[in-house]
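# Structural features, examined
Okay, here's what each chain looks like letter by letter:
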Number of protein chains: 2
Amino acid sequence: MSSERVIYLPLGGAGEIGMNAYVYGVGQPGQERLILVDLGVTFPDMDGSPGVDLILPDIQWLKERREQLEAIFITHAHEDHVGALAHFWGDLGAPVYARAFTANIARRKMEEHGHPERAVTTVSPWPETVQAGPFTVGFVPISHSIPESSGLVIDVAGQRLVHSGDFKIDHAPVVGEPFDEDAWKQIGAAGVLALMCDSTNVFNAHGGRSESALGPEIEKLVAGCKGMVVATTFASNVARVKTLAEAAQAAGRSVCLLGRAMRRMIEASVETGVLTGFPRTISPEEVKEIPRENVMLIVTGSQGERRAASAQLSNGKYQGITLKEGDTFLFSSKTIPGNERGVARIMNNFSEMGVDVVDESGGLYHVSGHANRPDLSTMHKLVNPKLVVPMHGEHRHLREHVKLSKSNGFKGILAPNGTMIDLGGETPTVAEYVETGRTYLDGSVQIGALDGIVRDRIRMALNGHVMVNVILDEDDEPLGEPWCEIRGLAETGVSRAPLVDVLEEDLSQYLGRAGSKTLMDDDKLEDGLRKIARNTAQGEIGKKPEVTVVISRLSA
Amino acid sequence: MSSERVIYLPLGGAGEIGMNAYVYGVGQPGQERLILVDLGVTFPDMDGSPGVDLILPDIQWLKERREQLEAIFITHAHEDHVGALAHFWGDLGAPVYARAFTANIARRKMEEHGHPERAVTTVSPWPETVQAGPFTVGFVPISHSIPESSGLVIDVAGQRLVHSGDFKIDHAPVVGEPFDEDAWKQIGAAGVLALMCDSTNVFNAHGGRSESALGPEIEKLVAGCKGMVVATTFASNVARVKTLAEAAQAAGRSVCLLGRAMRRMIEASVETGVLTGFPRTISPEEVKEIPRENVMLIVTGSQGERRAASAQLSNGKYQGITLKEGDTFLFSSKTIPGNERGVARIMNNFSEMGVDVVDESGGLYHVSGHANRPDLSTMHKLVNPKLVVPMHGEHRHLREHVKLSKSNGFKGILAPNGTMIDLGGETPTVAEYVETGRTYLDGSVQIGALDGIVRDRIRMALNGHVMVNVILDEDDEPLGEPWCEIRGLAETGVSRAPLVDVLEEDLSQYLGRAGSKTLMDDDKLEDGLRKIARNTAQGEIGKKPEVTVVISRLSA
């Protein structure tokens, strides 16, 4: 019993903002009983993961220990916390616990993947708890930018751990429970071994602002608009959608929701009772029947996503609706770093149509869902743990959060993905480093981020591609001339002759020179042809392309 | 003579921030004598232009009129104003005018491309002028973020045009001439037909701050640092480099410049006399000889560029220098939208090393080089033109700037790239729309942005690539089995057999089924094989790849 330990192991989320997956364990080393908190995704980009559909955490370590896994707890329904659940549930098979709204979203995902919806159990908030093996887990309502977010109180082996989940300190969050300082203080008063704490906004020095601060500003804006008003925000930010809809109502405008995610989120909110009193909405068909100054569209695509409603409206038309001069488009959202170009593209398209674009305007029309630096300090003090373990952040956020913890008088430990922390004893220690990483969902299959597949795509995109085709007869002599096809390369280079012709000429000369030893050896011949193709391209167009050589032997 | 007109035609820069190229003309329609103001580049990205080296404006219109071109004027030495000069000079051949520092940089570029350096003439600032055909052009010193920036006064056909160039209102710019309100007022007092005006910061509502505001803050920061200090900024921001170096000096630190662009810019500044009193610098070798707390590196790579000094230091080592725990890295720069991921990567690498990263900290360590909204209004009023023509901005910037002009009581006209404005008469009118666009420098050749070459690269990156190889004998019968090679695709799909095997099997069956009519027809056969390959891949891995089919006929 003395060798039992309590461990914490981030498999995702502690090294990026996104892709959250945190393991807790208790027991003899190597035989711990485990729970998993959150199982999210992050999103691919053209720079690092072209063609990839979703990025999932590499949870190989956990898959190999599925027998030790007691349960999966989902703190809230954001994709970076629940998005990978259905992709991996088949490999884990553990019961899933979440509050009603989150469970509703989780079940939709499970169903889409053919998993049993009953694997997801709806739980009531703290002080009720769930027993999962040696773990007693309570969902404590906490304010964030989606309904029913929860921090978790995890009691295990006589110790209390607090997992903040994503949170902000908001005493009037419009939808859902306000931040409850007393509850957190009480939870802390029982003695907390460690607080695992959101780090997203650690670099933001100002105190956070309440969701409810936006209503009057948005109302004022909408009241002053003449044509149609369109607003976009994250569909999951149900409070914001409500604020927008109420501003529309106040200005005598009917609300139309556009985009699948938007309708689904509002549907789930109403079904689960977290959203009440939402104004009646109208259909896209009805929009066309009433004067445009009496309409407000609330649409998906705040991050410039190419297929979402915002992008489609900016390209001309969506569900039969067209924007025009005098209309107003509001981004009630912040652009996530990396999405600037896509958002700017939409803004410029609207500008060309004569549509006035209004952005968040320095916080006038958007507030963050995460605790800023002073609010993180408040949380530290309320929970008063022996140890702060920063999570949900890039390395620089985690590091800064450790510094902040120390300046608040708390022990802090830097635990990026794969760092297994032994939380017991007087000093927390690194028990082990576990291999972690990223798994790509690519079409319908999962591939490893380091498999070389995506690297090859990037190389083709950067360097272009030459295919070289050679046929050798029964005597290993070239049959006809080598044949080239190029893709993604300039058609003519410095010699002004077609690149393909120059390549074929040089390859042909090489074949003519090649001895029978080379011609008989596939590897040697391939190397030789590749080198010629790359050098010729370099000379002609100044690029060394990727080369695929296909050698066909009639002798075979 | 009555049918003479004065025209303005942006070929680049009025539709993006970057790639500036503005044509002015006077004469009978179609026979105007022309001048070109600036000839810049913009930078490629993985999203839209993978593998491309530089993006140049498409100046086909001007190339076809090279006989009408009197001269090229370069307002300042930023790449988006001078970067395309040497790439296109061979097609234009006109004399180039610039002030000393800009001319120094321009000549270096001309030399690198084998063009005569004497094509670039150094001019003295206003009130001196250059005569170029019917144009009289003066370079009026104006504050910006590079030495010797100029606005142009263009007197032609009894009219005065003012081309602001990039500018800010800075009365103490550290290096170079302060903004001279009186000079601009006088220029305006003579009567100005049109002001072509920088639009970059039109959305920034606050008055701009002076470069000289940073010195004390940076000095304070550096004085408080313990280990080595490294600072990055645009190399061309010579005033900033000077401020950084002086902060180092004040803290008893020796300065070492790292990165080719950094050394070249300082060299050009000293050569042309715009920079004096710069502290003595030390070499990378000397850095290793003295205590790290006595060193400050000033390095390239503020935008996260992979090959620049910042990125290399963050990856471990540059010129033998390694950073370590306790060192400080300052971004005295703003991240240009689209570069966030690259910059964050560097910040996180430094975080992993234990290096403290300090960003611009909300303007504490960086100021913009462009005029904010109130400063644009000041410029409008000083120059007091009949017409404001916004330039240097995306569509949304230009449109907003037209609005601002109107609210200031000036006529404004929206003229994106390709819009030829007839400036004469009582009302400016659109004379013509000219085709404009982008030319890519790709390796050593120029390709059109719409040639399909880069589109093919993007498709390979998104979809992966399958090569199908079929050999037909003299009787148009398949010789052996079809052969596949894949690149950038998962190796196994849902059937758990290698994707290549499944593809080859399905292609083989198709060939077996194909009638002689198909087998004899290259196009038909290719279409059929492509369709099979795409469908099979879709079934196996959920992706429809790019397919290249090579059919070899022994009959040929």
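Residues numbered from 1 in each chain as written. Chains lettered and ligands numbered in written order. Predicted model: local features only at pLDDT ≥ 70, side-chain atom pairs only at ≥ 80, totals over all residues. Heavy atoms only, no water.

Residues and elements named next belong to chain A. Within strand β1 (residues 5–12), eight of the eight residues are buried, which leaves the element mostly enclosed by the surrounding structure. Across seven bridges, β1 lies against strand β2 (residues 21–27) in antiparallel orientation. Paired with Leu9 across the bridge in β2 is Val23. The sheet contact formed by β1 and strand β20 (residues 419–422) spans two bridges and is antiparallel. Within the sheet, the bridge partner assigned to Ile7 lies in β20 and is Asp422. (Buried < 20%, exposed > 50% of the residue type's maximum accessible area, 1.4 Å probe, protein only. Helix = DSSP H or I, 4+ residues; strand = E, 2+ residues; numbered from the N terminus. Pairing = 2+ DSSP bridges.)

Least-squares fitting of chain A to chain B yields an RMSD of 0.0 Å, with the transformation described by 0.0 Å of translation along the axis and a rotation of 180 degrees. Viewed as a symmetry operation, the transformation between the two copies matches a two-fold axis. Both copies present the same face, since 100% of the interface residues in chain A are matched by interface residues at the equivalent positions in chain B. (Least-squares fit on C-alpha atoms with pLDDT ≥ 70 in both. Contact = heavy atoms within 4.5 Å.)

Let us now look at the UniProt feature "domain: Metallo-beta-lactamase" (unreviewed entry) in chain A. UniProt's entry tags residues 18–206 of chain A with the feature "domain: Metallo-beta-lactamase" (unreviewed entry), counted in the numbering of this structure. The span residues 18–206 of chain A carries 20% helix and 30% strand; its end-to-end C-alpha distance comes to 23 Å. (UniProt positions renumbered as here; feature names shortened; annotations may be inferred.)

Further remarks concern the domain arrangement of chain A. Domain parsing of chain A yields domain 1 (5–206 + 368–448), domain 2 (211–358) and domain 3 (464–553). For domain 2 of chain A versus domain 3 of chain A, the separation of C-alpha centres amounts to 55 Å. (Domains from an automatic or database assignment.)

Turning to the side chain of A:Asn20, a few remarks are in order. Along the chain, the position of A:Asn20 falls in the loop between β1 and β2. In this structure A:Asn20 touches A:Gly12, A:Gly13, A:Asp38, A:Leu39, A:Gly40, A:Asp80, A:His81 and A:His392, once residues within four positions along its chain are discounted.

Let us now look at unusual backbone geometry. Residue and element names in this part refer to chain A. Here the bond from Trp126 into Pro127 is cis, since omega is 15 degrees, no more than 30 degrees from zero. Secondary-structure assignment places Pro127 in the loop between β7 (120–122) and β8 (130–132). Not every positive phi belongs to a glycine, and Arg496 is a case in point at roughly 70 degrees. Mapped onto the secondary structure, Arg496 falls in the loop between β25 (483–487) and α15 (499–513).

Attention now moves to the packing of helix α4 (residues 100–112) of chain A against helix α8 (residues 260–271) of chain A. Residue and element names in this part refer to chain A. At their nearest, the axes of α4 and α8 sit 9 Å apart, and the two run at 125 degrees to each other. Regarding the angle of α4 to α8, the classification is oblique. Taken as a pair, α4 and α8 cross one another with a handedness that is right-handed. In this structure, α4 contributes Phe101, Asn104, Ile105, Arg108 and Glu112 to the contact, and α8 contributes Arg264, Met265, Glu267, Ala268, Ser269 and Glu271. For the contact of α4 with α8, the residue count by class is four nonpolar, two polar and five charged. (Axes fitted to C-alpha atoms, helices over the stretch in contact; angles between N-to-C directions. Parallel < 35°, antiparallel > 145°, perpendicular 65-115°, else oblique. Left-handed = near helix turned anticlockwise from the far one by under 90°. Nonpolar A, V, L, I, M, F, W, Y, C, P; charged D, E, K, R; others polar.)

The next subject is the packing of aromatic side chains. All names here are of chain A. As enumerated under the stated definition, the model contains 12 aromatic pairs over all chains in all. Aromatic pair Phe329 and Phe331: ring centres 5.1 Å apart, planes at 55 degrees, arrangement tilted. Assessed through its relative accessible area of 0%, Phe329 is described here as buried. Of the residues examined, Phe331 reaches a relative accessible area of 2% and is grouped as buried. (Phe/Tyr/Trp six-rings, centres within 6.5 Å; stacked < 30°, edge-to-face > 60°.)

Let's shift gears to helix α8 (residues 260–271) of chain B. The α-helix advances 3.6 residues per turn, and as a result positions three or four apart in sequence lie on the same side. Residue and element names in this part refer to chain B. The terminal C-alpha atoms of α8, which comprises 12 residues, lie 16 Å apart, in line with the 16 Å expected from a rise of 1.5 Å per residue. Every buried residue belonging to α8 is among Met262, Met265, Ile266, Ala268 and Ser269, and all of these are buried. Taken end-on, α8 shows its buried residues confined to a sector of 160 degrees, consistent with a single buried face. Every exposed residue of α8 that faces more than 90 degrees away from the buried side is listed here: Arg260 and Glu271. Looking at the buried side of α8, the elements it contacts are α4 (100–112), α7 (238–250), β14 (254–258) and β15 (295–299). (Expected span 1.5 Å × (residues − 1). Arc of directions from axis to C-beta.)

On to the environment of B:Glu32, then. All names here are of chain B. Mapped onto the elements, Glu32 comes out in the loop between β2 (21–27) and β3 (33–37). For Glu32, a relative accessible area of 3% corresponds to the buried category. Counting along the chain gives 36 residues from Glu32 to Gln68, while the straight-line C-alpha distance between them is 6.8 Å. Excluding its chain neighbours within four sequence positions, the residues that come into contact with Glu32 are Arg5, Ile7, Gly25, Val26, Gly27 and Gln68. Side-chain polar atoms of Glu32 contact the backbone nitrogen of Gly30, separated by 3.0 Å. (Polar contact = N/O pair within 3.5 Å; in protein donor to acceptor, adjacent residues only side chain to side chain.)

Each partner contributes residues to the interface: chain A has 61 residues there, and chain B has 61 residues. Between chain A and chain B, roughly 5,400 Å² of surface is buried when both sides are summed, and carbon and sulfur atoms account for 55% of that area. A per-residue breakdown of the area chain A buries against chain B is headed by A:Met46, A:Arg341 and A:Arg487, which together make up 14% of the total. One can count 10 salt bridges joining chain A with chain B. Put simply, chain A and chain B have 40 residue pairs in polar contact (both at pLDDT 80 or more) between them. Of all the secondary structure elements, the ones that give two or more residues to the side of chain A that touches chain B are α11 (340–353), α13 (395–407), β23 (445–448), α14 (453–463), β24 (465–472), β25, α17 (522–541) and β26 (546–553) of chain A. Among the residues forming the side of chain A that touches chain B, the class breakdown is 24 nonpolar, 18 polar and 19 charged. (Buried area = accessible area lost by both parts, 1.4 Å probe. Salt bridge = Lys/Arg side-chain N within 4 Å of Asp/Glu carboxyl O.)

Two orientations exist for strands paired in a sheet by backbone hydrogen bonds: parallel and antiparallel. Residues and elements named next belong to chain B. Taking strand neighbours across the sheet as the criterion, the three strands line up as β4-β22-β23 in an open arrangement whose pairing is antiparallel. Edge positions in the sheet fall to β4 (54–57) and β23 (445–448), since each has one partner strand and no second. Each strand axis lies, on average, 35 degrees off the axis of its neighbour in the sheet, ignoring direction. Here strand β22 (residues 438–442) pairs with β23 via four bridges, running antiparallel. Across the sheet, Leu441 pairs through a bridge with Gln446, a residue of β23.

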